[in-house]
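Spelled out, the chains give:
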Amino acid sequence: MISKEKVTIIGGGLAGAEAAWQLAKRGIHVTLYEMRPNVMTPAHQTKHIAEMVCSNSLGGESTTTTSGILKRELLMMDSLLIKCALKAKVPAGNALAVDRECFSSEIESCLNNNPLIEIVREEVTRIPDGNVIIATGPLTSGSFSTTLKDIVGEDFLYFYDAVAPIVTLESIDTSCSFRGNRYGDNDDYINCPMNEEEYNIFWRELVNAECAPRHEFEEMKHFDGCLPVEVIAKRGEKTLLFGPLRPVGLSVDEENTNYHAVVQLRQDNTDGTLYNIVGFQTNLKWGEQERVFRLIPALKNAEFVRKGVMHRNLFVCAPKVLDRYLRIRNHANVYLAGQITGVEGYVESIAMGFASAIFMYCNITRNGTIEFPIESAIGSLLNYLGDALPKSFQPMNINLGIFPRLQGRKIYKRKERCQAYAERSFLSIEKFLSENPMIFDSFEKFEKLV
């Protein structure tokens, strides 16, 4: 049934696209504003809706990972973007990685073909009247950031994020690289090993390389889950060996050769012609990136089709700014969605886009609210945003630490513990769906989605 109510969504990223689709499916007219290509950001490369800016990986796919649990929950609730990700999937070991172009194109096609969704290519500088979802993401424009700051005051925070470079497959030296995943699971990654001498030279040049300038008035803040590679390196000569360059579980011959360091490359498009350098988010100057990263033997002739860049990521202090339904306090019809709410990660952003749409739908059609089960991953994320300590609030990925504890015996092995959380989560989502048939009953059954 089509409603007379209308919703304005500001921002055509992952969260905005998911929110638009979920509202339109429920008969709500949506106007989706996306400022690109008229106004670009330092990190976006295209004008496409739902462009993946940093990595092309949405994290672990198995339900023995928390990211896998969240993906499965979103599938159970009929997430458009997770379905599109599965259609655009490229090999990435145990992770769900996508061809960025295929992923964005599939989503944009779905939105364009929905008669209840209008996409407007304009920058919004003021919050319009009526029902609004703000999904401007971490790359919110300067003018709209000012508008948000006027509403939330000093509780509008920021951190810095960085993008990893991408190289062409044909420019990777196969004589000093090999395919494989950790512990021999598959051969989805290209591995670029270094001996101790090569690593020491690389580390020394990396920590002394020149970074891109930033505005003096902006204090540099990093999110620990996405540190620039040069920042990790500066924390100690061996820090990278326990991070993105760890050689654990990788060998290429029958003698199980142990490497000193290994850089991994992950496929970035369906054709397999582009690979990104895993864990190499960076703020180095572009010329320095080529100079330093070509010290990796397999990348000595690498062709860089995209350089790493660093950009300011914006988010609000959710426990002070938002109510438990992602509404800005004292603004009953204005919701936030995606990373700007204070979550970190692609799938988490999609989840908050989904949740904001459901909350908005309940508000305008039933004049009420709905509670996602706290035992679920999406419910745990929402609970974190509401209950975190404001003084130390930081963007949060989905992790076992924010789920309610399991009752009964303690499970020590992480995979088994994660699976136990997953089973409890899925039962809670199934119950949630059955108890809210007016919101979810028209959707396909979960078994048909996987």
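Residues numbered from 1 in each chain as written. Predicted model: local features only at pLDDT ≥ 70, side-chain atom pairs only at ≥ 80, totals over all residues. Heavy atoms only, no water.

What follows concerns the nonpolar core. Formed by 111 residues in total, the largest nonpolar core has its most connected members in I9, L23, F103, I107, F372 and I378. If near-sequence neighbours (up to four positions away) are discounted, I107 is found in contact with A17, I49, A50, L80, L81 and C84. Counting 33 residues, the second largest nonpolar core, distinct from the first, contains I190, A298, L299 and F304. (Core = buried A, V, L, I, M, F, W, Y, C linked by side-chain atoms within 4.5 Å. Buried < 20%, exposed > 50% of the residue type's maximum accessible area, 1.4 Å probe, protein only. Contact = heavy atoms within 4.5 Å.)

The next thing to look at is the sheet that holds strand β5 (residues 95-98). Strand pairing in a sheet relies on backbone hydrogen bonds. The paired strands run either parallel or antiparallel. Spatially, the three strands line up as an open sheet ordered β3-β5-β4, and their pairing is antiparallel. Looking along the sheet, the strands with just one partner apiece sit at the ends: β3 (57-60) and β4 (89-90). Bridge analysis of β3 against β5 gives two bridges, and the strand direction is antiparallel. Looking across to β5, one finds that S57 is bridged to A97. Taken strand by strand, helix α2 (residues 66-76) contacts β3 and β5, and its axis lies near 110 degrees from that of β3. (Pairing = 2+ DSSP bridges. Helix = DSSP H or I, 4+ residues; strand = E, 2+ residues; numbered from the N terminus. Axes fitted to C-alpha atoms, helices over the stretch in contact; angles between N-to-C directions.)

Ordered in space as β6-β2-β1-β7-β16, the five strands form an open sheet in which the pairing is parallel. The open sheet has two edge strands with one neighbour each: β6 (117-120) and β16 (334-336). Strand-to-strand, the axes of this sheet are offset by a mean angle of 20 degrees, without reference to chain direction. Bridging between strand β1 (residues 6-10) and strand β7 (residues 131-134) involves four bridges; their strand directions are parallel. What sits directly across from I10, in β7, is I134. This element, helix α10 (residues 346-366), spans β1, β7 and β16 of the sheet and lies at about 170 degrees to β7.

Quick look at the environment of A388 now. Here A388 lies in the loop between α11 (377-387) and α12 (414-435). The class of A388 is buried, set by a relative accessible area of 13%. For the pair A388 and A318, spaced 70 residues apart in sequence, the C-alpha separation works out to 8.2 Å. Those residues in contact with A388 that lie beyond four places of it in its chain are P319 and F393.

The residue after R36, namely P37, is reached through a cis peptide bond having omega 5 degrees. On the secondary structure map, P37 appears in the loop between β2 (29-33) and β3. Here D78, not a glycine, exhibits a phi torsion of approximately 75 degrees, which is positive. Residue placement: D78 occurs in the loop between α2 and α3 (80-87). Positive phi values are uncommon outside glycine, yet N330 reaches one of about 70 degrees. Counting through the fold element by element, N330 comes out in the loop between α9 (318-321) and β16. Look at N330 and you get exposed, because its relative accessible area is 80%.

Honestly, that's just the spatial picture; any functional story needs more than this.
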